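# Report on the structure
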Amino acid sequence: MKDIKDTIAKNLTELRTRAGFTQLQLAEKLNYSDKAVSKWERGEAVPDLRVLIKLSEIYGVTVDDIVKGEALPRKKPSMSLKVRRLLIVALSVVFVWFVATGLFITFYFIPKTADYAYLVFIVAVLPTAIVLTVFSALWGNRITTAVACSAIGWSCALIIYISVIVFAPYFTQIYLVWVAAAVFEILVILWFLYRSFLKKKNKEKER
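Note that the structure is a prediction, hence the values are computed from the model and not measured.

This model, assessed by the stated rule, comprises 11 aromatic pairs. Both rings, one in F135 and one in W139, keep their centres 5.3 Å apart while their planes meet at 25°; by these two values the pair is stacked. Taken together, the positions of F135 and W139, both in helix α8 (residues 125–139) and four residues apart, correspond to about one turn of that helix. Given a relative accessible area of 18%, F135 falls into the buried group. A relative accessible area of 29% means that W139 is categorised as partly exposed. Ring geometry for W154 and W178: centres 6.2 Å apart, planes at 25°, overall stacked. In this pair, W154 sits in helix α9 (residues 142–167) while W178 sits in helix α10 (residues 176–206), placing the two residues 24 residues apart along the sequence. When its relative accessible area of 30% is taken as the criterion, W178 is described as partly exposed.

Here's what the structure looks like:
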């Protein structure tokens, strides 16, 4: 049994290193604690079958590859998956700005809207933040998701601030929008801290 533990520990360490994950990043993907990952890689414990299957999917290998003492396949599917995801996010963001550019050109050549056509690019910041939030929720971690959510709040504040300055300059209390954005930022931070606290509690119960 000890030989199997050592083999699994060695293979898990090698696969994680190849994929470029830290123990904490892998733990978040598995919804386990980094302490559990560390125990597996030290041979002090063995992941259950469900976790082994999940690990095989992440690394693009079979469960047999993980538990057997044979040489691991020399491939890095997780890295290529990460690259594909980054490309999808990048293409989505570029598409948002492509649409914004098309709208800018359209409004620029309409006499009544030409002076305000540049506002399209300011508004485009918000859908960009929304796109990043969606993909971060799917493929990112707590930190990237929190940053993306914060970007939504600050984008809304920027759009409101610029719009009021351009269309209603007589409204002198517009600076309060930044106060509201700061309060939203605090709420985002508190929410993610609460989520992190709950996740830690659940992991402690699992152990």
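It is worth spelling out α9 at this point. With 26 residues, α9 extends 38 Å from end C-alpha to end C-alpha; this agrees with the ideal 38 Å at 1.5 Å per step. Regarding α9, the residues found buried are T145, A146, A148, C149, S150, G153, S155, A157, I159 and V164.

Turning our attention to helix α3 (residues 34–42). If you check which residues of α3 are buried, you get A36, V37, S38, W40 and E41. Just past α3, the residue G43 takes up positive phi, approximately 80°.

Right, let's talk about the packing of helix α2 (residues 23–30) against α3 for a bit. α3 packs onto α2 with a crossing angle of 110° between their chain directions and a minimal axis gap of 8 Å. By the angle class used here, α2 and α3 are roughly perpendicular. Of the two possible hands of crossing, α2 and α3 adopt the one that is right-handed. Residues Q23, L24, L26, A27 and L30 of α2 form the contact with α3, whose own contacting residues are D34, V37, S38, W40 and E41. In the contact of α2 with α3, the residues fall into six nonpolar, two polar and two charged.

If you trace the backbone, T128 turns up in helix α8. On the basis of relative accessibility, which here comes to 11%, the residue T128 falls in the buried class. A polar contact is formed between the side chain of T128 and the side chain of W97, at a distance of 2.9 Å. What T128 contacts, discounting residues up to four positions off in sequence, is V93, V96 and W97.

What counts and what doesn't
- Residues numbered from 1 in each chain as written.
- Predicted model: local features only at pLDDT ≥ 70, side-chain atom pairs only at ≥ 80, totals over all residues.
- Heavy atoms only, no water.
- Phe/Tyr/Trp six-rings, centres within 6.5 Å; stacked < 30°, edge-to-face > 60°.
- Helix = DSSP H or I, 4+ residues; strand = E, 2+ residues; numbered from the N terminus.
- Buried < 20%, exposed > 50% of the residue type's maximum accessible area, 1.4 Å probe, protein only.
- Expected span 1.5 Å × (residues − 1).
- Axes fitted to C-alpha atoms, helices over the stretch in contact; angles between N-to-C directions.
- Parallel < 35°, antiparallel > 145°, perpendicular 65-115°, else oblique.
- Left-handed = near helix turned anticlockwise from the far one by under 90°.
- Contact = heavy atoms within 4.5 Å.
- Nonpolar A, V, L, I, M, F, W, Y, C, P; charged D, E, K, R; others polar.
- Polar contact = N/O pair within 3.5 Å; in protein donor to acceptor, adjacent residues only side chain to side chain.

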